[in-house]
Amino acid sequence: MKDKKIDLELLDPNRWVDNYADYLYNYTIVRVNDHIVAQDLISETFLAGLKSKKNFKGESTERTWLISILKRKIIDHYRKINSPKGKAEVHIGYKNDTSEGDWLEENAADLFDKTAEDTMENNELGLAILDCLDKLPAKQAAIFKMKTIESYDTELICKEYNISASNLWVIIHRARKSLAECLEKNWFN
Amino acid sequence: MKLFLKCDEAAHVCDKSQYKESSFLEKLNLKIHLLLCPLCRAHVKRNCTLTQNLHRSNLKTLRPEEKELLKKRMEDEINIGHNP
């Protein structure tokens, strides 16, 4: 298991991409909804992190610290694209001036509509899953990710890690078991 | 052809099913095993919930080359910092 207490000396930018890129990406993508923008923001976050490395006080984990930088980058991003006056005006709502009448049905919320809240909750679930994956042995987590999230062929993974298929399934089985336990502990309670 | 699976075999079929890699016969064997084995029933339920959650969370990872690009940008920045 990774030690969550981080000393100043342990701030290790060389591992940032491997350790946090996926987490930051999943955090960003629901907020900006654009693959390219998300990558740019993550890149900017890492660079800003490098520059202000000496300001890191060790009060939080490295990841929390990076997320706090990322949040500001996301806000800046929206400021930037909204800066020309008028662009910031967003009309929300089904009704506009031209539509006549006000049917009750049109004003009621659609219960079956997939709301923004659901999307956010599912995203948080995703982040919780990544948290749990962090607690697995690194090789197990990597193989599980390849198989489950990136949907690589079993054969390909076996070749890459030089293991047999039954080996792979044992690893997948263990990973799934720990992951289910971890999620039940951290997410459903 | 065998009809009854042992628990570890059932678990293996269940894992494969999560990736849609089990055959019809295997699934049938699993169903028969589940009728007889409450412990495996609990396990399968859990395993399926996990699959649903993974699906629902819509997790994505960056491609390896995209990660390399991120690393490269950082390295460039570090090098600039060292030789101003």
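Reading the values: the criteria
- Residues numbered from 1 in each chain as written.
- Chains lettered and ligands numbered in written order.
- Predicted model: local features only at pLDDT ≥ 70, side-chain atom pairs only at ≥ 80, totals over all residues.
- Helix = DSSP H or I, 4+ residues; strand = E, 2+ residues; numbered from the N terminus.
- Rg over C-alpha atoms; globule rule 2.2 N^0.38 Å.
- Buried ≥ 20, exposed ≤ 12 C-beta atoms within 10 Å, placed from the backbone.
- Contact = placed C-beta atoms within 7 Å.
- Nonpolar A, V, L, I, M, F, W, Y, C, P; charged D, E, K, R; others polar.
- Core = buried A, V, L, I, M, F, W, Y, C linked by C-beta atoms within 7 Å.

### Some points on the overall build of chain B
The number of helices and strands found in chain B is four helices and zero strands. Helices and strands appear in chain B in the N-to-C order α-α-α-α. Expected size for 84 residues packed as a compact globule is a radius of gyration near 12 Å; at 23 Å, chain B overshoots this value by more than 25%. Projected onto its principal axes, the C-alpha coordinates of chain B cover approximately 70 × 25 × 20 Å. Counting only residues that meet the buried cut, chain B has 23% of its 84 residues in that class. Restricting the contact set of chain B to residue pairs at least 6 apart, pairs at least 24 apart contribute 55%.

### Some thoughts on unusual backbone geometry
Positioned with a positive phi, Asn33(A) is a non-glycine residue whose angle comes to about 60 degrees. Mapped onto the fold, Asn33(A) is located in the loop between helix H1 (16-32) and helix H2 (35-51). Take Asn33(A): there are 10 C-beta atoms within 10 Å of it, and that puts it in the exposed class. Residues other than glycine seldom take positive phi values, yet Asn58(B) does so here, at roughly 55 degrees. Inspection of the secondary structure assignment puts Asn58(B) in the loop between helix H3 (38-57) and helix H4 (64-82). Take Asn58(B): there are 15 C-beta atoms within 10 Å of it, and that puts it in the partly exposed class.

### Quick word on the interface of chain A and chain B
The interface is formed by 28 residues belonging to chain A together with 23 residues belonging to chain B. The set of elements that each furnish at least two residues to the side of chain A that touches chain B consists of H1, H2, helix H5 (116-135), helix H6 (138-148) and helix H8 (165-186) of chain A. Looking at which element gives the most residues to the side of chain A that touches chain B, the answer is H8(A), with seven residues. Across the side of chain A that touches chain B, the residue classes tally to 17 nonpolar, seven polar and four charged.

### As for the nonpolar core
In this structure, Ala21(A), Leu24(A), Tyr25(A), Ile42(A), Ile129(A) and Leu133(A) are the most contacted members of the largest nonpolar core, which totals 34 residues. Contributions of two or more residues to this core are made by H1, H2, helix H3 (62-82), H5, H6 and H8 of chain A together with H3 of chain B. Considering each element in turn, this core owes the most residues, nine residues, to H1(A). With sequence-adjacent residues up to four places away left out, Leu24(A) is seen in contact with Ile42(A), Thr45(A), Leu66(A) and Leu70(A).

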